[in-house]
Every structure is written in structure tokens, then in C-alpha cells.
Amino acid sequence: MILPATPDPRLVTIRRGGTLTDADHHLLVLWAATCAEHVLGLFESERPDDPRPRDAIEHARAWTRGEVTMMTARAAGGHAMGAARDLRGAPRFAAYAAGQAACVAHVAAHDLGAAAYAIKAVRAAASVDAPAESEAAGRRECRWQRDQLPSAVRELVLDDQRARNDICWSVFDD
């Protein structure tokens, strides 16, 4: 579970009663897509002929440009998560990251889902037999993701990571 029981109004758009502007919502979608794309190769190395996760990332970006509807982006996210169902480990988590990224168009708080699944993918790819390396790889990925954060939403995301770290498998530990 990556979504809180009570939504943070800072991650709810103004038109739905929150305080998130459309511009910042777009930045969250683009950041989530960047996080998911960073680990996409972990899925594609396992399933090179399955375009669903890549398509989901592209739909997320297309939504920010007004080229597809929120429902279309969200559906692409669902298809990417469907690509993960029969997989395990890094490829599965990478597909989930892509699916979560596309779903940010629908619910901005899915941004941490994309980031958290990307970290889980990197951890799984590092080595099951080397927990210390797995943890180190996850910390490096988390730092890389934070370096990609647009300044306009940086503090919001960092604060949200602190607030939801426990329900996001504690992948945002410093």
C-alpha cells in the first residue's frame, strides 16, 4: 500500500479541493516518469517484446502535454502493471514503477509509488545474496531520484517521503 488513508491536500488538485496546481501536478508526473524510466531496462531485459511499461511512461508524459486524457494515461498504467503479474524481482518492480508513473495523472500521490517501486527494482537487481549491496544500491537510486526533483515540488516530495516512508517499504530512509 503506497497511498495514505487520509489524502494530503497538497497532493490533491485545486479543482478536487486540495492545493496542488496543475503545473506542479505535471512536474510530479514527469518526475515519476523519469524515476520509472531509469529502471525500465530491468523489465525490458526480461521482456523485450512487451511495450506496456514503456507505453505507460510515454502516456504519462503525453498527459502533461495535453495529448491524452487522464483516463487514457491511467489505463496505460494498469496495462503496465498487468505486465508485471507473472514476473518476480527487479523486472516486476520496474513494470510496477512504470504503471504507477502513468497513474500519477489520476492521483498525484502515486508519484511515490513510481519512485518506491524503482528503488525496489534496483535493490532486487543488486543481489539477493548481498543484502548490504542491495541496500546501498537502493540508497544510490533514492539519491539519484532526489537529484531529479524539480525545485518547485522538491520540498513537497521530500516531506511526503518522510510522511509515507513506512507504507512505502521504508525505501526513502536516508
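Structure's up top.
Residues numbered from 1 in each chain as written. Predicted model: local features only at pLDDT ≥ 70, side-chain atom pairs only at ≥ 80, totals over all residues. Heavy atoms only, no water.

Visitor: With reference to specific residues and values, describe the environment of Ala90.
Guide: The residue Ala90 is located in helix α4 (residues 89-103) in this model. Taking C-alpha positions, Ala90 is 8.9 Å from Ala126, a pair spaced 36 residues apart along the chain. Contact partners of Ala90, with chain neighbours within four places excluded, come to Leu42, Ala121, Ala124 and Ala125. (Helix = DSSP H or I, 4+ residues; strand = E, 2+ residues; numbered from the N terminus. Contact = heavy atoms within 4.5 Å.)

Visitor: How would you sum up unusual backbone geometry? Please name residues and give values.
Guide: The backbone of Trp169 shows a phi angle near 60 degrees, a positive value even though the residue is not glycine. Within the fold, Trp169 resides in the segment after α7 (151-164). Judged by relative accessible area, Trp169 falls into the partly exposed class, the value being 31%. Although it is not a glycine, Ser170 adopts a positive phi angle of roughly 55 degrees. Residue classification places Ser170 among the partly exposed positions, given a relative accessible area of 27%. (Buried < 20%, exposed > 50% of the residue type's maximum accessible area, 1.4 Å probe, protein only.)

Visitor: Report on the side chain of Arg61, specifying residues and quantitative values.
Guide: Locating Arg61 in the fold gives a position in helix α2 (residues 52-64). A residue is classified by how much of its surface remains accessible, and Arg61, at 15% relative accessible area, is buried. Here Arg61 is in contact with Leu30, Ala33, Thr34 and Glu37, once residues within four sequence places are set aside.

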